[in-house]
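Chain residues, written in single-letter form:
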Amino acid sequence: MQAKIEEAIKNILSAIGEDPGREGLVLTPQRVSKSLEFLTSGYKQNAKDILNEALFDSSNNEMVLVRDIEFYSLCEHHLLPFFGRVHCAYIPDKKVIGLSKIPRLVDMFARRLQIQEQLTEQIAEAISEFSGAKGVGVVIEARHLCVEMRGVQKGGATTTTSALRGVFLKDERTRKEFFSLINVAKQVRF
């Protein structure tokens, strides 16, 4: 795979009018290949392995919220970065998820070619499916370089997406609590 990517990058450099043999670009194909290997490493992981190893018995039946999870991903349409914060909450049903596993799950899906809408859905579905939670809420706030650097060129524009499952979708009080906790979190920093 590495050799194919390196050759493709050399061809792209030539196609845009650059000399892939010039000093500053000689190692660029190798660097891009290593970068893409890392940025798409989520394809080599699966949610079941991440979450099933960290489900613990618990009598807790109140909301668990992990907020402000930083992420970086690549837009599948332009291969440009988009990045921001993910807020994940769930209502346990006899099992809680190890807290570090939720950011790992976010990273797994973010390290694939993505669109934000699908990333939001994938995170919510995985938490719901593998934890058996009574409900799941996921909100992503992100900036997209395909919006800021090309096309409309509007720097600082943010996109917010949400995915709700179970009681987060059916119970207005649960939904309001979730969104309230996210908004309070924006005002209070540790």
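The structure we're discussing is the one just above.
Residues numbered from 1 in each chain as written. Predicted model: local features only at pLDDT ≥ 70, side-chain atom pairs only at ≥ 80, totals over all residues. Heavy atoms only, no water.

(A) Representation of the side chain of Thr40. Inspection of the secondary structure assignment puts Thr40 in the loop between helix H2 (28-39) and helix H3 (47-52). In this structure the side chain of Thr40 is engaged in a polar contact, spanning 2.6 Å, whose partner is the backbone oxygen of Leu36. Ignoring sequence-local partners within four residues, the contact set of Thr40 consists of Arg111 and Leu113. (Helix = DSSP H or I, 4+ residues; strand = E, 2+ residues; numbered from the N terminus. Polar contact = N/O pair within 3.5 Å; in protein donor to acceptor, adjacent residues only side chain to side chain. Contact = heavy atoms within 4.5 Å.)

(B) Quick look at the packing of helix H4 (residues 101-110) against helix H5 (residues 116-131). Where H4 contacts H5, the two axes come as close as 10 Å, and the packing angle between them is 140 degrees. As far as their axial angle goes, H5 and H4 are oblique. Crossing of H4 against H5: the hand is right-handed. Residues Leu105, Val106, Phe109 and Ala110 of H4 form the contact with H5, whose own contacting residues are Leu119, Gln122, Ile123, Ala126 and Ile127. (Axes fitted to C-alpha atoms, helices over the stretch in contact; angles between N-to-C directions. Parallel < 35°, antiparallel > 145°, perpendicular 65-115°, else oblique. Left-handed = near helix turned anticlockwise from the far one by under 90°.)

(C) Representation of the pattern of salt bridges. If you walk through the whole model with that rule in mind, you get ten salt bridges. Linking Arg22 and Glu18 is a salt bridge whose minimum nitrogen-to-oxygen distance equals 2.8 Å. For the salt bridge of Asp68 with Arg67, the shortest nitrogen-to-oxygen distance reads 3.2 Å. In this structure Asp68 comes out as buried when scored by relative accessible area, which is 16%. Residues joined in a network through salt bridges with shared partners are Glu121, Glu125 and Arg165. (Salt bridge = Lys/Arg side-chain N within 4 Å of Asp/Glu carboxyl O. Buried < 20%, exposed > 50% of the residue type's maximum accessible area, 1.4 Å probe, protein only.)

(D) Seen up close, the pairing of strand E2 (residues 64-75). Where E2 lies against strand E3 (residues 81-91), nine bridges are found, and the strand directions are antiparallel. The residue bridging Tyr72 from the neighbouring strand is Phe83, located in E3. In sequence, E2 turns back onto E3 through a hairpin of five residues, with Leu79 there showing a positive phi of about 60 degrees. Strand direction decides the pairing type here: E2 and strand E5 (residues 113-114), joined by two bridges, are parallel. Bridge pairing in E5 places Cys75 opposite Gln114. (Pairing = 2+ DSSP bridges.)

(E) Structural view of the environment of Arg165. When you line up the elements, Arg165 lands in strand E7 (residues 158-166). Distance from Arg165 to Gly137, taken between C-alpha atoms, is 6.4 Å for residues 28 residues apart in sequence. Within polar-contact distance, the side chain of Arg165 engages the side chain of Glu121 at 2.6 Å.

(F) Quick look at the packing of aromatic side chains. Per the stated rule, a full pass over the model turns up four aromatic pairs. Plain terms: the ring middles of Phe71 and Phe82 are 5.7 Å apart, the flat faces sit at 70 degrees to each other, and that makes the pair edge-to-face. Taken together, the residues span a long stretch of sequence, with Phe71 in strand E2 and Phe82 in strand E3 at a distance of eleven residues. Accessibility expressed as a relative area gives 1% for Phe71, which makes it buried. Ring centres 6.0 Å apart and planes at 25 degrees place the aromatic pair Tyr72 and Phe83 in the stacked group. Of this pair, Tyr72 sits in strand E2 while Phe83 sits in strand E3, placing them eleven residues apart in sequence. Here Tyr72 falls in the exposed class, since its relative accessible area comes to 54%. In this structure Phe83 comes out as partly exposed when scored by relative accessible area, which is 24%. An aromatic cluster is present here, built from Phe168, Phe178 and Phe179 joined pairwise through their rings. (Phe/Tyr/Trp six-rings, centres within 6.5 Å; stacked < 30°, edge-to-face > 60°.)

By themselves, these figures tell us nothing about what the structure is for.
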